[in-house]
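Inside the fold
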Amino acid sequence: MPKLSPISPARLLLETIRTGTIASIAIMPIGFAFRQMDLRIGYYGPKVVELLVSPAQPWQVFILHILVGWISTLPLLLGLLWVGSGRAVQTGLLYGAGYYVLINSIILPWAFDDPTPWQIGWLTVLPSLLAHIAFGWIIVLSARRRIASLRT
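Some thoughts on the overall build of the protein
- Check the secondary structure of the protein and you find seven helices and zero strands.
- Its helices and strands taken in sequence order, the protein reads α-α-α-α-α-α-α from the N to the C terminus.
- A compact globule built from 152 residues would reach a C-alpha radius of gyration of about 15 Å, and the protein, at 16 Å, matches this within 12%.
- Projecting the C-alpha coordinates of the protein onto the three principal axes gives extents of approximately 50 × 30 × 25 Å.
- Of the contacts formed within the protein by residues at least 6 apart in sequence, a portion of 77% connects residues at least 24 apart.
- Both charge centroids of the protein, one from 11 positive and one from 5 negative side chains, sit 23 Å from each other.

In structure tokens:
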């Protein structure tokens, strides 16, 4: 495995914000399309915001969406630094799927005492799973050249 060049925390933070913002905004049309089909997606954003203020306003849910996008991007960028560009796409797709399974289908339903999407059915699982897979893929596309430039 090639040696990694040192990356400054500031540079990693900027790349996290850049790619996290791109991916967070890029997956929004997926959510809008699934909502138009009356499928569940973005279910926990308003629920999390309403822990602080009620009712949740769309701009508050959007801000949370972007913040969570940043937080969710950092582990994937670190993973991409580790695996390199040869397996970047697979890493991004698996990260998105794994993120959905762990966070959106297990942790959040448990935290809000909701049934899991798996218990509700595939039409509940599929929209968010696909959006999270797309999120991982978009991170890879957005960060690929910068991540490759960090490897020597």
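Things to note about the packing of aromatic side chains
- Counting across every chain of the model gives five aromatic pairs.
- The rings of Tyr43, Tyr44 and Phe112 are connected pair by pair, giving a single aromatic cluster.

Points about unusual backbone geometry
- Between serine 54 and proline 55 the backbone carries a cis peptide bond, its omega angle lying at 0°.
- With respect to the helices, strands and loops of the structure, proline 55 is situated in the loop between helix 3 (44–49) and helix 4 (58–83).
- Of note in the backbone geometry, aspartate 38 takes a positive phi value of approximately 60° without being a glycine.
- Relative to the helices and strands, aspartate 38 resides in the loop between helix 2 (28–36) and helix 3.
- A positive phi angle, close to 55°, is found at aspartate 113, a residue other than glycine.
- Tracing the backbone shows aspartate 113 in the loop between helix 5 (88–111) and helix 6 (117–120).

Description of the nonpolar core
- If you look at the biggest cluster of nonpolar residues, it comprises 17 residues, and the most contacted ones within it are Leu77, Leu80, Ile139 and Ile147.
- Contributions of two or more residues to this core are made by helix 1 (9–26), helix 4, helix 5 and helix 7 (122–150).

As for the pattern of salt bridges
- On inspection of all chains with the given rule, the structure shows two salt bridges.
- Arginine 18 serves as the salt-bridge partner of glutamate 15, at 2.8 Å between the closest nitrogen and oxygen. With glutamate 15 and arginine 18 both in helix 1 and three residues apart, this pair spans about one turn of that helix.
- Take glutamate 15: its relative accessible area is 9%, and that puts it in the buried class.
- Take arginine 18: its relative accessible area is 26%, and that puts it in the partly exposed class.
- As a salt-bridge pair, lysine 47 and aspartate 114 come within 2.8 Å of each other at their nearest N and O atoms.

About the criteria used
- Residues numbered from 1 in each chain as written.
- Predicted model: local features only at pLDDT ≥ 70, side-chain atom pairs only at ≥ 80, totals over all residues.
- Heavy atoms only, no water.
- Helix = DSSP H or I, 4+ residues; strand = E, 2+ residues; numbered from the N terminus.
- Rg over C-alpha atoms; globule rule 2.2 N^0.38 Å.
- Contact = heavy atoms within 4.5 Å.
- Lys, Arg positive; Asp, Glu negative; His and termini not counted.
- Charge placed at Lys NZ, Arg CZ, Asp CG, Glu CD.
- Phe/Tyr/Trp six-rings, centres within 6.5 Å; stacked < 30°, edge-to-face > 60°.
- Core = buried A, V, L, I, M, F, W, Y, C linked by side-chain atoms within 4.5 Å.
- Buried < 20%, exposed > 50% of the residue type's maximum accessible area, 1.4 Å probe, protein only.
- Salt bridge = Lys/Arg side-chain N within 4 Å of Asp/Glu carboxyl O.

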